[in-house]
Amino acid sequence: MKQQMKYIMSLVVLLVCSTTTWADGTVTITKQKNGTVTTDGDVAYDIAGGKCTLTLTRPSGYSETAADITAVKVLDTENMEAPAFRAPEIVSKLTVTAVGGQYQFDWPGSPYDVDVTVDFRPNANTSYTVAHYQENVNGGYPGTATETEQLTGTTDEQTEAAAKTYDGFTAGTVTQTTIAGDGSTVVTIQYSRNSYSITFNSDGGSAVTTITAKHGAAITAPANPTKDGYDFGGWYDGASVYAFTTMPIGGKSLTAHWTAQTYSDPTSGATAETNGDGTVQITDVPATAVGTDGGLTLPATVGGKQVTEIASDAFDNVNMANVEYVDLSETGITELTVNRESGLFEDLDKNALVYLPAGNTAGENVVVGGTCSDYKIYDDGKDYEVKKAFTASQASFTRTYTNNVMSTVYLPFAVPTAEAGGMFYEYDGLEGNTVKTKAVTGTATEANKPYIFVPSSTGSISLTSGTGITVAATVNNQTNGRLVGTYEPIAWTTDQSTIYGFAAETKGAITAGTFVQVKAGASINPFRAYLELTSGAPAMLEVVIDGSVTAVSGLKRDASAAAQWYTIDGRRLTGKPGQKGLYIHNGRKVVIE
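In this text, all values refer to a predicted model and were calculated from it rather than measured experimentally.

Caption draft 1: Main features of the sheet that holds strand β31 (residues 390-392). In space, the 7 strands of this open sheet follow the order β23-β26-β27-β28-β29-β31-β38, with mixed pairing throughout. Edge positions in the sheet fall to β23 (295-297) and β38 (469-471), since each of these pairs with one other strand and no more. Bridge analysis of strand β27 (residues 353-356) against strand β28 (residues 366-368) gives 3 bridges, and the strand direction is parallel. Following the sheet pairing, Leu356 is matched in β28 by Val368.

This is the structure:
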């Protein structure tokens, strides 16, 4: 025991007091990467001048500080003298300092070895590359990235690459990888090119197949669609013509632009445009469409296509005030309402008949599908014509008359004599300078036949037909003996020796109500009659009515004459008849039973 203590004390004294330089000990190096033993990197040491200098070769992407190096001196008891016993180890941590890119610590000398542990730490700013590849138009990916970006991360940890957003592309799966310390890590992200479609709205034309392609791919316009009655005017994107180059991102919805084909009717000169369904619409009617008879007739077809519509301004070039009738009955036009104050029929005379096919609105002097529910003739002094026969619920002609003052009348419909408001007389020959007449014996007058009419009251009188009548086409200048009716105003420019007109008032030698030879400047209105003889006669002719000589429009019958009774053939009786039969009394037919 004493011997052992003596040895230890000698050792302590030796360690404290000895100046002997012991042989260099050994340095044991342990390399770590973030606390884990590794073979990466290298550490060299050199012991000189009482210093141990460490030179480090770091693993890529790692670094260290003095704090990451631990140097511990360890007593080398195995090489100590007096092997009969082993002294306890004496361990001490040495101070490591950084010096010019190296590290040093004081060398403890013999009998010590030093254990050095270097713990390399991963860099947090190690660079790596993210390469973005966009698919080619024709498939596959380019050899060079479309775009690259440099990111940083911690060595040996996972990358944090993220896909970008590119219009027209869809990113594929992003596969993260370990960040290499040397900055060589590359994360590849591929973007597939999106496909889009261009759709076509042919707007009633033939169908067009949708175009589908990857965006940016070259595209060409499809074959032009067709549409009956139209010319194709291109594909429009909104208000602009679309140019086919490459497939746009997002695709397109295009609409066909059409120009209506126009047609012209060789007869009327009317212009029509297609409706796109095999029919046409009348868009313009020239003034020359009005025929010599004053009628405005439109055809059933124009350009071989049925007319089913008419523009509201189609008659703007026509002087509608001079049109005697409008005939649209052969067309397929529907849903028209005749308004003579505005629109299509503005300024059309109220007497002018309008013929329409079924499917239109009935109205005054409007014949729909061959029937007129409200047929009226006004004494307005203009030409008049019934171009086509039709049925009417009832017809009327309104004119202002004076009681017992004769007038001529010429109408396109029959008037029941019992309800006429006066007496009708027929021409019964010429005797000397006198025109003879006879009362109408039938129950009604005849259409398109002139008569002399003696009203039984003063004022506006409507000569009304029966109900459910057929109105025949008017025939101008029909005669009743020598009495000639007219539906046209006539103005004579020269003196006439055989034509006699009605004198409305007394002037000089002319007596009101007589037929007088026509002189230049004389005129007659429609719905009236004049006399036409075969040879010249006196300048003035008187008229015999009820057996008395009188004037055509100047007859002033006294009350007693009005109260007379007449046979149906116009023979005046001396009083009320005693025999049964049909008689005329006060201008009306009376049945005596």
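Read on for the rest.
Caption draft 2: Fine view of the packing of aromatic side chains. Per the counting criterion, the structure on display carries 20 aromatic pairs. Seen from their ring centres, Phe232 and Trp258 are 5.3 Å apart, and the 65° between their planes marks the pair as edge-to-face. Of this pair, Phe232 sits in strand β17 (residues 230-237) while Trp258 sits in strand β19 (residues 252-260), and the two are 26 residues apart along the sequence. We classify Phe232 as partly exposed; its relative accessible area is 22%. Judged by relative accessible area, which is 11%, Trp258 ranks as buried. Pairing Tyr375 with Phe390 gives two aromatic rings, centres 5.1 Å apart and planes at 85°, and the pair type is edge-to-face. Of this pair, Tyr375 sits in strand β30 (residues 375-378) while Phe390 sits in strand β31; the two residues are 15 residues apart in sequence, bridging distant segments of the chain. For the pair Tyr375 and Phe390, one class covers both residues: buried. Among the aromatic residues, ring-to-ring pairing joins Phe200, Phe232, Trp235, Tyr242, Phe244 and Trp258 into one connected group. The aromatic ring of Tyr230 is capped on one face by Lys227, whose charged end is 4.4 Å from the ring centroid. A cation over an aromatic ring shows up here: Lys350 above the ring of Tyr378, its NZ or CZ 4.2 Å from the ring centre.

Caption draft 3: Just unusual backbone geometry, in detail. Across the junction of Ser110 and Pro111, the peptide omega takes the value 5°, indicating a cis bond. Residue placement: Pro111 occurs in the loop between β9 (102-106) and β10 (112-122). Located in the positive-phi region is Asp347, a residue other than glycine, with phi close to 75°. Along the chain, Asp347 falls in the loop between β26 (325-327) and β27. With a phi close to 65°, Phe527 is a non-glycine residue in the positive phi region. Within the secondary structure, Phe527 is located in the loop between β44 (523-524) and β45 (528-532).

Caption draft 4: View of the pairing of β17. Across 5 bridges, β17 lies against β19 in antiparallel orientation. What sits directly across from Phe232, in β19, is Trp258. Two strands pair when backbone bridges link them, and β17 and strand β18 (residues 240-241) are joined in this way by 2 bridges, in the antiparallel orientation. Across the sheet, residue Tyr236 finds its bridge partner in β18, namely Val241. Between β17 and β18, which pair antiparallel and follow one another directly, the connecting turn spans 2 residues, one of which, Gly238, has a positive phi of 70°.

Caption draft 5: Just the pairing of strand β22 (residues 279-284), in detail. Here strand β21 (residues 271-274) runs beside β22; their pairing, made up of 4 bridges, is antiparallel. Each bridged residue has a counterpart across the sheet, and for Glu273 the counterpart in β22 is Gln281. A loop of 4 residues connects β21 with β22, the two strands running antiparallel in sequence, and Gly276 in this loop sits at a positive phi of about 85°.

Caption draft 6: Quick look at the nonpolar core. Residues Ile282, Val285, Phe315, Val326 and Phe345 are the most contacted members of the largest nonpolar core, which totals 31 residues. Mapped onto this core, the elements with two or more residues apiece are β22, β25 (305-310), β27 and β28. Excluding residues that lie within four positions of it along the chain, Val326 makes contacts with Leu296, Phe315, Met320, Phe345, Leu348, Leu353, Val354 and Tyr355. Formed by 30 residues, the second largest nonpolar core is a distinct cluster that contains Val367, Ala395, Tyr401 and Leu411.

Caption draft 7: Structural context of the environment of Ile510. In this fold, Ile510 is placed in the loop between β42 (499-502) and β43 (515-517). Ile510 gets classed as partly exposed once you look at its relative accessible area, which sits at 35%. Sequence-wise, Ile510 and Met540 are 30 residues apart; in three dimensions their C-alpha atoms are separated by 7.5 Å.

Caption draft 8: Spatial organisation of the side chain of Thr126. Summarising the element assignment, Thr126 is placed in strand β11 (residues 126-134). Taking the relative accessible area as the measure of exposure, Thr126 reaches 4% and is therefore buried. Within the structure, Thr126 has its side chain in polar contact with the side chain of Thr155 (distance 2.4 Å). Look past the residues within four positions of Thr126 in its chain and what remains in contact with it is Gly61, Leu151, Thr152, Gly153, Thr155, Ile179, Ala180, Gly181 and Gly183.

The rules behind these values
Residues numbered from 1 in each chain as written. Predicted model: local features only at pLDDT ≥ 70, side-chain atom pairs only at ≥ 80, totals over all residues. Heavy atoms only, no water. Pairing = 2+ DSSP bridges. Helix = DSSP H or I, 4+ residues; strand = E, 2+ residues; numbered from the N terminus. Phe/Tyr/Trp six-rings, centres within 6.5 Å; stacked < 30°, edge-to-face > 60°. Buried < 20%, exposed > 50% of the residue type's maximum accessible area, 1.4 Å probe, protein only. Lys NZ or Arg CZ within 6 Å of the ring centre and 35° of its normal. Core = buried A, V, L, I, M, F, W, Y, C linked by side-chain atoms within 4.5 Å. Contact = heavy atoms within 4.5 Å. Polar contact = N/O pair within 3.5 Å; in protein donor to acceptor, adjacent residues only side chain to side chain.

Just geometry here; none of it tells us what the structure is for.
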